[in-house]
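Observations on chain architecture
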2 protein chains.
Amino acid sequence: MRRRPTIRDVASASGVSMGTVSRVAAKSSVVSPETRHRVEQAMRTLGYVPNIAARTMRTNRTKIVGLLLPDLANTVFLLLAKAAERLLGAEGYTLFLYSSERSPTREIEFLELASRYRMDGLIVSLSDETNQSVVEALSKMECPIVLLDRDTPIRADVVFSEHAEAMQRVTAHLIELGHRRIALITAPLGIRPGRERVLGYRAALRDAGLGVDEALIGHDYQTSKYGFSKALEMLRRPVPPTAVIAGGDEIFYGVLRATRQLNLAIPGDVSIVGADNRMLSDVVTPMITIIDRDMEQVGDTAADMLIRRMNGEGGEPVHVHLPSEVILRSSTAKPRPDVV
Amino acid sequence: MRRRPTIRDVASASGVSMGTVSRVAAKSSVVSPETRHRVEQAMRTLGYVPNIAARTMRTNRTKIVGLLLPDLANTVFLLLAKAAERLLGAEGYTLFLYSSERSPTREIEFLELASRYRMDGLIVSLSDETNQSVVEALSKMECPIVLLDRDTPIRADVVFSEHAEAMQRVTAHLIELGHRRIALITAPLGIRPGRERVLGYRAALRDAGLGVDEALIGHDYQTSKYGFSKALEMLRRPVPPTAVIAGGDEIFYGVLRATRQLNLAIPGDVSIVGADNRMLSDVVTPMITIIDRDMEQVGDTAADMLIRRMNGEGGEPVHVHLPSEVILRSSTAKPRPDVV
DNA sequence: GGCTCCAATGAAAACGTCACCATTATATCA
DNA sequence: TGATATAATGGTGACGTTTTCATTGGAGCC
């Protein structure tokens, strides 16, 4: 296997110095048109490809941005990733995608990777903001970081999504339809979305003067399996809920499977509210009422904030809050008069 | 911002030479237990993190493997990626995930990236094996490559999935149930799975002595939108098909949406066969008959082949063929007697 | 014509690591 | 005891790039 041509080979082939070749390769400073043309010619014939590792050594910049997500199977995160990649790519950054599979161990592995490869910046969605060692590892990072929707003591920019208010609205809507036993299954309280959703849910019940049945709230795991078993358990109670709100993608899957297992009609037997996954909500019969947010906007915002920081912009950490939307569709309706 | 500690700082802090520190960092050769301990101590107090770029310069290995996929939203590819990552990670490789979004331009961008970063190996799933410039760029790469399920003139290892036979079996099954107008919507003929599926489909019809109605075969795009519009068009014909086979994940989504739009009962009005997406097939009512393959096995196989090549194993390109499975469930049944 | 100024290019050092070779200390054996 | 093998460590150059500083040649000006 022959050696890859270097800037030196290109230099001697085109009769200029290495400095000039570098200037052509980086498209940076002034090179006369004739020289530029001659050098580019030589690059093409030799098949020269710049060596990023060497460039990194010299410049201390990798032009790599790491994106840590809890889960790649989740459509919302992919939308976010795509949006962020678009903006970062325009600035010459390459996006390195990593899924923690909701494992703190893997989150730390990612940070280790980011350190070793000297990534220029990170966008991070944690699976558990209460995990001490992850938070500590994160705060020790030397590059700019943008956090996604988490409350931590880390001094970093954060993009928040609004959850409580949307949850309150959709719960109020169910109450207005006549529902009195509304179940909520959502993410653990160890992450902000879980907490906020429960807050909004409780607020709606309180506003309506209704008590909260703690047995109708589940927030243990953010998995399809948990959504399934918890929904099954609730819907099998002697006096089952007439509506189930699923907070988060995986749980939504699980809840749907449970209603099917029990052969329940939606919304005849039970009203269902999902979250985020427009694709699934569109294909399931009937169309599902969902709490939706613009994940592209989240990705754009995060990328934009990160780019500023990587360009050396200083100042206090910035917190941005983005809205959620309730999209009412046919999976939510009045409960059967006999079951209320 | 202070300078990151280097191997030199660790050396002087622990009173040994840089060479020894390097030996400790790389866990490679012999270092006495006491020295190792002292060096590791110094690394921890200084917060030393090895610089991969510098290592790469020296060793000519990045320990990065690129994985090019047409689409990250597709569950099957994620299973594959996860499996490959597990095996490669055990060998110290980091997986760099890239989605081409089925765009040849992005595929070339990926190869460019792989060249510049000097990735050690690639696993590649092309979106169109007939695209000349992509094939050319691919054949110019200097690192080992494993191709996924594509026929190209490139001298590289390939992991094939079996499609024709499974398609033939499931088509035969529908015929046996009494179906005579069976539609097939699948990937373009520009990629192997599309071609193979059409072959298997035709073979089953031929074996049963049935003619092929070309209007019931669609293979133009591998998108949900295409699946939707094509299924809609077919199912609205004066004499519609009694069964629809969807080859590929996105198309499957589209077909499902079409049946819902037309308010068709599955399998009452039309039998449906899906492919690959177990998650969706599980959540939709009724459970969908699918053609399934073990994508973890595909990922494992590809990673294993690549690791061998990266370790310098020579020899002719290896082609592996892996089976597909037909899982019969309740979305396929006898057609209504009156419509046959 | 002599001066300054600027554009274009060249020369060389430095980034952090590893691998080779050299050196030293220690163990082994005849 | 002396010779030799072995284990552990030190010293140093090179990987390919960018960037600073220096140099050159020519244009513009008085």
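1. A look at the overall build of chain A
Assigned secondary structure in chain A consists of 13 helices and twelve strands. Computed over the C-alpha atoms, the radius of gyration of chain A is 26 Å, more than 25% above the 20 Å expected from 2.2 N^0.38 for a compact globule of 340 residues. Counting only C-alpha atoms, chain A reaches 90 × 40 × 35 Å along its principal axes. When contacts within chain A are restricted to residue pairs at least 6 apart in sequence, long-range pairs at least 24 apart make up 69% of them. Accessible area for chain A stands at about 14,900 Å²; split by element, carbon and sulfur atoms hold 52% of it.

2. Looking at the packing of helix α4 (residues 52-59) of chain A against helix α4 (residues 52-59) of chain B
Two elements in contact, α4 of chain A and α4 of chain B, have axes separated by 8 Å at closest approach and are oriented at 135°. If you check the angle between α4 of chain A and α4 of chain B, you find them oblique. α4 of chain B is crossed by α4 of chain A, and the crossing has left-handed handedness. Residues A53, A54, T56 and M57 of chain A of α4 of chain A touch α4 of chain B, and the partners they reach there are A53, A54, T56 and M57 of chain B.

3. Side note on the domain arrangement of chain A
Here chain A is partitioned into domain 1 (7-50), domain 2 (61-161 + 295-323) and domain 3 (164-293 + 326-339). Spacing between the C-alpha centres of domain 1 of chain A and domain 3 of chain A amounts to 62 Å.

4. A short note on the interface of chain A and chain B
Of the residues lining the interface, 45 residues belong to chain A; the matching set on chain B comes to 46 residues. Interface area, chain A with chain B, both sides summed: about 4,400 Å², of which 60% is carbon and sulfur. On the chain A side of the interface with chain B, the three residues burying the most area are R118, E142 and R260 of chain A, jointly 16% of the side's total. Counting the contacts that link chain A with chain B gives six salt bridges. Residue R4 of chain B is joined to E142 of chain A by a salt bridge in which the shortest nitrogen-to-oxygen separation is 3.4 Å. Counting across the chain A and chain B interface gives 14 residue pairs in polar contact (both at pLDDT 80 or more). Sorting the residues of the side of chain A that touches chain B by element identifies α4, α5 (75-90), β2 (94-99), α6 (104-116), α11 (249-261) and α12 (278-283) of chain A as the ones contributing at least two each. When residues of the side of chain A that touches chain B are assigned to their parent elements, the largest contribution, six residues, is made by α4 of chain A. Class assignment for the residues of the side of chain A that touches chain B results in 24 nonpolar, seven polar and 14 charged.

5. With respect to α6 of chain A
Taking 1.5 Å per residue, 13 residues should reach 18 Å; α6 of chain A reaches 18 Å between its end C-alpha atoms and fits that length. Taken as a whole, α6 of chain A has its buried residues at R106, E107, F110, L111, L113, A114 and S115 of chain A. Where α6 of chain A is buried, its residues contact β1 (64-69), β2, β3 (121-124) and α7 (132-139) of chain A together with α5 (75-90) and β2 (94-99) of chain B. Directly beyond the C-terminal end of α6 of chain A, a positive phi value near 55° is found at R118 of chain A.

6. Concerning the sheet that holds strand β12 (residues 324-327) of chain A
Residue and element names in this part refer to chain A. The sheet built from six strands is open, its strands ordered β7-β6-β8-β9-β10-β12 with mixed pairing. This sheet does not close on itself; its edge strands, each paired only once, are β7 (217-218) and β12. Across two bridges, the pairing between strand β6 (residues 182-185) and β7 is parallel. Counted as the bridge partner of L184 is I217 from β7. Set on the sheet, helix α8 (residues 164-177) makes contact with β6, β8 (243-246), β9 (271-275), β10 (289-293) and β12; between it and β12 the angle comes to about 20°. Packed on one face of the sheet, α11 meets β6, β8 and β9 and runs near 155° to β9.

7. Considering the environment of Q41 of chain B
In this structure, Q41 of chain B sits in helix α3 (residues 33-46). Taking the relative accessible area as the measure of exposure, Q41 of chain B reaches 37% and is therefore partly exposed.

8. Remarks on the protein's contact with DNA strand D
Contacts to DNA strand D come from 25 residues, most closely from I7, Y48 and R58 of chain A together with T35 and R58 of chain B. For DNA strand D, the fraction of atoms within 4 Å of the protein that belong to sugar or phosphate moieties is 60%. Take S22 of chain A: an N or O atom from its side chain is 2.6 Å from a phosphate oxygen of DNA strand D. Contact between DNA strand D and N51 of chain A: a phosphate oxygen at 3.2 Å from a main-chain N or O atom of the residue.

9. Quick word on the protein's contact with DNA strand C
Within the structure, DNA strand C sits among 25 residues, and T35 of chain A together with I7, Y48, R55 and R58 of chain B are positioned closest to it. Between DNA strand C and S32 of chain A, the relevant distance is 2.8 Å, taken from a phosphate oxygen to a main-chain nitrogen or oxygen of the residue. One of the side-chain nitrogen or oxygen atoms of T35 of chain A is found 2.2 Å away from a phosphate oxygen of DNA strand C. For the surface near DNA strand C, the elements supplying multiple residues, two or more each, are α2 (18-25) and α4 of chain A together with α2 (18-25) and α4 of chain B.

10. Side note on the sheet that holds strand β1 (residues 64-69) of chain B
Residue and element names in this part refer to chain B. Here we have six strands laid out as an open sheet, ordered β2-β1-β3-β4-β5-β11, and parallel in their pairing. Of all the strands in the sheet, the pair left with one neighbour each is β2 and β11 (319-322). Strand after strand, the sheet turns through a mean of 15° between neighbouring axes, direction not considered. The pairing of strand β3 (residues 121-124) with strand β4 (residues 145-148) spans three bridges and is parallel. Counted as the bridge partner of L122 is I145 from β4. Sheet strands in contact with α5 are β1, β2, β3 and β4, and its direction is about 170° off that of β1.

11. Let's talk about the side chain of T289 of chain B
All names here are of chain B. Along the chain, T289 turns up in strand β10 (residues 289-293). On the accessibility criterion, T289 (0% relative accessible area) is buried. Separated by 2.7 Å, the side chain of T289 and the backbone nitrogen of R329 make a polar contact. Residues in contact with T289, not counting those within four places in the same chain, are V170, I272, V273, G274, I327, L328, R329, S330, S331 and T332.

12. A closer look at the packing of aromatic side chains
The final tally for this structure, using the stated rule, is seven aromatic pairs over all chains. Measuring from centroid to centroid gives 5.5 Å for Y98 of chain A and F110 of chain A, while their planes differ by 35°, and the two rings are tilted. Taken as a pair, Y98 of chain A in strand β2 and F110 of chain A in helix α6 lie far apart in primary sequence, twelve residues in all. A residue is classified by how much of its surface remains accessible, and F110 of chain A, at 0% relative accessible area, is buried. Three or more aromatic residues link up through ring pairs in this structure, and these residues are F96, Y98 and F110 of chain A together with F96, Y98 and F110 of chain B. Sitting over the face of the ring of Y93 of chain B, K63 of chain B holds its NZ or CZ atom 4.2 Å from the ring centroid. Its end group placed over the ring of F228 of chain B, R257 of chain B keeps NZ or CZ at 4.5 Å from the ring centre.

Cut-offs and rules
- Residues numbered from 1 in each chain as written.
- Chains lettered and ligands numbered in written order.
- Predicted model: local features only at pLDDT ≥ 70, side-chain atom pairs only at ≥ 80, totals over all residues.
- Heavy atoms only, no water.
- Helix = DSSP H or I, 4+ residues; strand = E, 2+ residues; numbered from the N terminus.
- Rg over C-alpha atoms; globule rule 2.2 N^0.38 Å.
- Contact = heavy atoms within 4.5 Å.
- Areas by Shrake-Rupley, 256 points an atom, 1.4 Å probe, with all protein chains shown as cover.
- Axes fitted to C-alpha atoms, helices over the stretch in contact; angles between N-to-C directions.
- Parallel < 35°, antiparallel > 145°, perpendicular 65-115°, else oblique.
- Left-handed = near helix turned anticlockwise from the far one by under 90°.
- Domains from an automatic or database assignment.
- Buried area = accessible area lost by both parts, 1.4 Å probe.
- Salt bridge = Lys/Arg side-chain N within 4 Å of Asp/Glu carboxyl O.
- Polar contact = N/O pair within 3.5 Å; in protein donor to acceptor, adjacent residues only side chain to side chain.
- Nonpolar A, V, L, I, M, F, W, Y, C, P; charged D, E, K, R; others polar.
- Expected span 1.5 Å × (residues − 1).
- Buried < 20%, exposed > 50% of the residue type's maximum accessible area, 1.4 Å probe, protein only.
- Pairing = 2+ DSSP bridges.
- Near = heavy atom within 4 Å.
- Phe/Tyr/Trp six-rings, centres within 6.5 Å; stacked < 30°, edge-to-face > 60°.
- Lys NZ or Arg CZ within 6 Å of the ring centre and 35° of its normal.

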